[in-house]
Amino acid sequence: MYAFNIAADAPKAELYAELLNSADALTAGELDGIANMANIAALLWQFLPDLNWAGFYRMVDGELVLGPFQGKAACIRIPLDKGVCGAAARTGATQLAEDVHAFPGHIACDADSRSELVVPVKRDGVVVAVIDLDSPVPARFDAEDADGLEMLAKLLSTRI
Ligand code: SME
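Residues numbered from 1 in each chain as written. Predicted model: local features only at pLDDT ≥ 70, side-chain atom pairs only at ≥ 80, totals over all residues. Heavy atoms only, no water.

Draft legend 1. Layout of the packing of aromatic side chains. Overall, the coordinates contain two aromatic pairs when judged by the stated rule. Both rings, one in W53 and one in Y57, keep their centres 5.8 Å apart while their planes meet at 25°; by these two values the pair is stacked. Side by side, W53 and Y57 carry an identical accessibility label, which is buried. Ring geometry for W53 and F69: centres 5.0 Å apart, planes at 15°, overall stacked. A residue pair is termed long-range when its members are at least 10 positions apart, and W53 in strand β1 (residues 53-60) and F69 in strand β2 (residues 63-71) qualify at 16 residues. Residue class for F69 comes out partly exposed when judged on its relative accessible area of 26%. Through a chain of ring-to-ring contacts, the aromatic side chains of W53, Y57 and F69 assemble into a single cluster. (Phe/Tyr/Trp six-rings, centres within 6.5 Å; stacked < 30°, edge-to-face > 60°. Buried < 20%, exposed > 50% of the residue type's maximum accessible area, 1.4 Å probe, protein only. Helix = DSSP H or I, 4+ residues; strand = E, 2+ residues; numbered from the N terminus.)

Here you go:
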């Protein structure tokens, strides 16, 4: 299978460049979106330090439904007016919660989560899924993580 060649303590720009290359190599030419989301969830989990959850929620009939992920079992359905994921899907904008307890309506799937980054995946301008990262470390995510995940979301636009 695909071999990765990056240290977890590499600068974030290098980490995300390598992650993007790996994601591209893993999903290029594969038409099955579930398989691609499963491999990307595994990739995020392997590449990014200090996560307790990494994966996808898919937009299905106007609500978010759990997709492939790594981490503990999670809430299956999220209405668009709930949580960090719902806010990302509803607004179409990246949501960076440095402190999930301060985020209105945050859904605590895993009590260990302290910070969260959710990036919408759009196809033809329409949100089709969100990528969700959770961390037990407060303020784990910054603008570089958001940029990296937004590039990943663009790559995946037609691959999930
Ligand atoms: N915390 C999320 C729910 C999904 S879990 O983190 C996997 C939210 O508030 O949307």
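Draft legend 2. Geometry of the environment of I34. Its place among the elements puts I34 in helix α2 (residues 33-47). Separated by 24 residues in the primary sequence, I34 and A10 have C-alpha atoms spaced 29 Å apart.

Draft legend 3. Structural detail: the sheet that holds β1. Strand order across the open sheet formed by six strands is β3-β2-β1-β6-β5-β4, with antiparallel pairing between neighbours. Because the sheet does not close on itself, it has two edges, and the strands there are β3 (77-78) and β4 (95-97). In the packing of helix α3 (residues 83-91) onto the sheet, the strands contacted are β1, β2, β3, β4, β5 (115-123) and β6 (126-135), and the crossing angle to β5 comes to about 30°. (Pairing = 2+ DSSP bridges. Contact = heavy atoms within 4.5 Å. Axes fitted to C-alpha atoms, helices over the stretch in contact; angles between N-to-C directions.)

Draft legend 4. Structural context of the packing of helix α1 (residues 12-27) against helix α4 (residues 143-156). Running from N to C, α1 and α4 point in directions that differ by 15°, and their axes come no closer than 10 Å. If you check the angle between α1 and α4, you find them roughly parallel. Judged by the sense of rotation from one axis to the other, the crossing of α1 with α4 is right-handed. In this structure, α1 contributes K12, A13, Y16, L19, L20, A23, D24 and T27 to the contact, and α4 contributes E144, D145, G148, L149, M151, L152, L155 and L156. (Parallel < 35°, antiparallel > 145°, perpendicular 65-115°, else oblique. Left-handed = near helix turned anticlockwise from the far one by under 90°.)

Draft legend 5. Just the packing of α1 against α2, in detail. At a minimum axis distance of 10 Å, the contact between α1 and α2 shows a crossing angle of 155°. Relative to α2, the element α1 lies roughly antiparallel. The crossing of α1 and α2 is right-handed. Taking contact as the criterion, the partners of L15, E18, L19, S22, A23, L26 and T27 in α1 are, on α2, N36, N39, I40, L43, L44 and F47. Considering only residue class, the contact of α1 with α2 consists of eight nonpolar, four polar and one charged. (Nonpolar A, V, L, I, M, F, W, Y, C, P; charged D, E, K, R; others polar.)

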